[in-house]
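# Tertiary structure, described
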Amino acid sequence: MRRIISILLQNEAGALARIAGMFSARGYNIDSLSVAATHDAAVSRLTLVTFGDDAVIDQIIKQSRKLIEVLEIADLTSRDHIETELVIVKIEVGNESLNNFVAALRRHPRAQVIDISAGVRTIEFTGNGAEVGEFLDDLGRVGEVIELARSGTAAVERGAAILAQA
Amino acid sequence: MNAQLKPTPLATNDPNKHALAGRPMSGADIVVQVLADEGVEVVFGYSGGAILPVYDAVFRFNHAHKVGEREPLPLIVPANEQGAGFMAQGYARASGKVGVAIVTSGPGATNTVTPVRDAMADSIPLVVICGQVPTAAIGSDGFQEAPISNIMAACTKHVFLVTDASKLEATLRSAFEIARTGRPGPVVVDIPKDVQNTQLVFDGASRLPLPGYRARLRAIEDARLDDAACKTFFDALAQARRPLIYAGGGVIAGEAAVALRAFADGFGIPVVTTLMGIGAADTTQVLSLHMLGMHGTAFANYATEDCDFLIATGSRFDDRVAGVPAKFAAGARFLAHLDVDPAEIDKVKRVDWHHLGNLSRALERLRAYGQTAGFDPLGKGSYRDWHAHIVDLKKTYAMNYARDAAQIQPYAVIEEINKHTQGRAVIATGVGQHQMWAAQYFDFREPRLWLTSGSMGTMGFGLPAAIGAAFARRDLVVIDIDGDASIRMNLGELETVTTYNLPVKIVVLNNYGDGMVRQWQKLFFKGRFSASDKSLHKKDFVTTILSMCRA
Ligand SMILES: Cc1ncc(C[n+]2csc(CCOP(=O)(O)OP(=O)(O)O)c2C)c(N)n1
Ligand SMILES: [Mg+2]
């Protein structure tokens, strides 16, 4: 099943590769991964989404917790959590499709045009997986998507609960 | 690595300050000083361009601190860096201290991958220091460059690539800490040549912060069995009539054999050990059942089948022991598991009760609790039938072989040696049938006498491991029981034995081939001995060793 895992990591060379290696060594693919420093520059936060056998992923989590640079690791899958992802999409919009494009944007108030060039619009959108999917489907009916960049899902637990370093 | 987290230097007015604190030193000198401070007595390694500054520092250190003929940090040179890695392992396994190997970049470092992975698989504390091309050349396919931090990341407890010279000292000290604490393992420190040559100031105490690792370690070290946990354990044990301890390598690594024996003897609970746990119990004792598993004794395996309460201690239900987990110890109504590694709990088999913490302390605590609570199965005779059954199993299924065979039987050779060593010699092995015969037919009265590549099963382990052990236990006889094929893998190390005049005894059980492989081919491939028959080999082992003994 789909699993979403949060990891606090010392912000160091090699640390990310070790985490990724835990999955690749078992032939497991990482579906999405977002990483960046937190409010503490020495600490990175990773959000990792993967699909696979629950027992195997449980074992990966346990073994990842042993990595020296790992500060904390938590499986958010069964916890009440919030997920969000940023997507930047480029589509071809000719004069004939401009009205449809504007209408589509109106249906998605969280979408923002961040670049306008001749015949091409670049739009930014944030939302959870389902929302991003719907948005992209809708946009795809207006014009041809020529490029797409997704940040990968980031997630936190809902409410006051935080992933704190031990 | 460690780009952000700054090492913590010791305050200058600290009374415990290192005598050399504040002294200017090169990176290479700092490497050697930290080795000395960590209590390293011997290092194993082969030199080369990228590690020359450290080799020079070792030379100068030994020259400056020589006591008579004795060097404080003898540097033992193998035939191949794989040998250095296994020598460091043999030293570590026999002594319980961290083994150290120092090698050059590229091929020197890659030659240690096998012993490093082997150390990881058997939880052996090692620090391997590798030279690396200068920082500016990393990633340029420089001469003798290999991506050691990438390669080793997958087979170590941790790897450091020191690109910031100011963190070299803290990194080295932390490498030893990581290698020896918690579940031990190998740590590789990759040091570019320019970092070895950088002029630095010695601190004497700096360490890396390692906040996550240390917090988890502390949690395990501080863990105590509370009364409720002890009560649950003994309530269940009181129901049992056939309890059994299944002891693994964790008992050896955790120096918990004394506590284990006191617990087992105090309540009359028989013990089986894994291949890695050999020596946890004294194999000459009545309630000691020797090794279980695929290559174990029949009586140990029957006892495991027959037990109704299993106490796994520093063992991990490995596939050579619990091939089919559901069928392993299927009669046990209660499984208890004591370990230091959270990742081992419920990994293979779900247990009814577990404790994560220092093994020795936990076993002491359980024994004291049981005694205070009046748990006295010996006094009450609760296990009388079970003990009789154990004695019976050991008699009925005693290890045996064709004693009247015309040819010398390998088992007879081991039995004969055992009469002399009486469970008090260090025994190293290769991998194969001879390894299992040694495990089965030798006695072991203490931990750290049995040196074998358990989890990786690396042929070529025996000879270099015996060499390393000779430096750890100068007081004991050290014997390498090897196979004709295994010994060939590191045959060059014969010369290391003679070069350093080491009192290592070598016994090759020559069955002209890969016996263990043939055993499987006989069982599963209708006796087609593909590539495992070495009867055409022309080597004469005796002349081989004599050729290494030029007067
Ligand atoms: C480095 C390595 N390569 C291959 C193997 C596979 N293997 C396991 S036992 C064995 C045969 C060992 O022969 P020998 O050392 O003569 O021992 P014997 O079984 O004959 O006693 C082989 C090839 C291994 N364990 N290690
Ligand atoms: Mg053989």
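Structural data are supplied above this passage.
This report concerns the structure included in the present document.

Here we take up the overall build of chain A. Scanning chain A from N- to C-terminus turns up four helices and nine strands. For chain A, the α and β elements follow one another from N to C terminus as β-α-β-β-α-β-β-α-β-β-α-β-β. Counting only C-alpha atoms, chain A reaches 60 × 35 × 30 Å along its principal axes. Every one of the 166 residues in chain A was classed for burial, and the buried ones make up 43%. For chain A, the share of sequence-separated contacts (at least 6 apart) that also reach a separation of at least 24 residues comes to 74%. Of the roughly 8,400 Å² that chain A leaves accessible, carbon and sulfur atoms contribute 52%. Side chains of chain A carry 17 positive and 23 negative charges; the gap between the two charge centres is 3 Å.

Let's shift gears to the pairing of strand S7 (residues 120–127) of chain A. Residue and element names in this part refer to chain A. Burial analysis of S7 places six of its eight residues in the buried class, the great majority of the element. Bridging between strand S5 (residues 81–92) and S7 involves eight bridges; their strand directions are antiparallel. Across the sheet, residue Val89 finds its bridge partner in S7, namely Ile123. Where strand S6 (residues 112–117) and S7 come together, five bridges link them in antiparallel fashion. By the bridge assignment, Val113 is partnered in S7 with Ile123. As consecutive antiparallel partners, S6 and S7 are separated by two residues, and within that stretch Gly119 has a phi angle of approximately 75°, a positive value.

What follows concerns the site of ligand 1. Residue and element names in this part refer to chain B. The local shell around ligand 1 holds 17 residues, among which Gln433, Gly457, Ser486, Gly515 and Met516 are the closest. The backbone of Met459 places a nitrogen or oxygen atom 3.3 Å from a nitrogen atom of ligand 1. One of the side-chain N or O atoms of Asn511 is found 2.9 Å from an oxygen atom in ligand 1. Within the complex, 76% of the 580 Å² of free accessible area of ligand 1 lies under protein. Elements that contribute at least two residues to the shell around ligand 1 include exactly helix H18 (433–441), helix H20 (486–489) and helix H22 (515–524).

Conventions adopted
- Residues numbered from 1 in each chain as written.
- Chains lettered and ligands numbered in written order.
- Predicted model: local features only at pLDDT ≥ 70, side-chain atom pairs only at ≥ 80, totals over all residues.
- Heavy atoms only, no water.
- Helix = DSSP H or I, 4+ residues; strand = E, 2+ residues; numbered from the N terminus.
- Buried < 20%, exposed > 50% of the residue type's maximum accessible area, 1.4 Å probe, protein only.
- Contact = heavy atoms within 4.5 Å.
- Areas by Shrake-Rupley, 256 points an atom, 1.4 Å probe, with all protein chains shown as cover.
- Lys, Arg positive; Asp, Glu negative; His and termini not counted.
- Charge placed at Lys NZ, Arg CZ, Asp CG, Glu CD.
- Pairing = 2+ DSSP bridges.
- Near = heavy atom within 4 Å.
- Polar contact = N/O pair within 3.5 Å; in protein donor to acceptor, adjacent residues only side chain to side chain.

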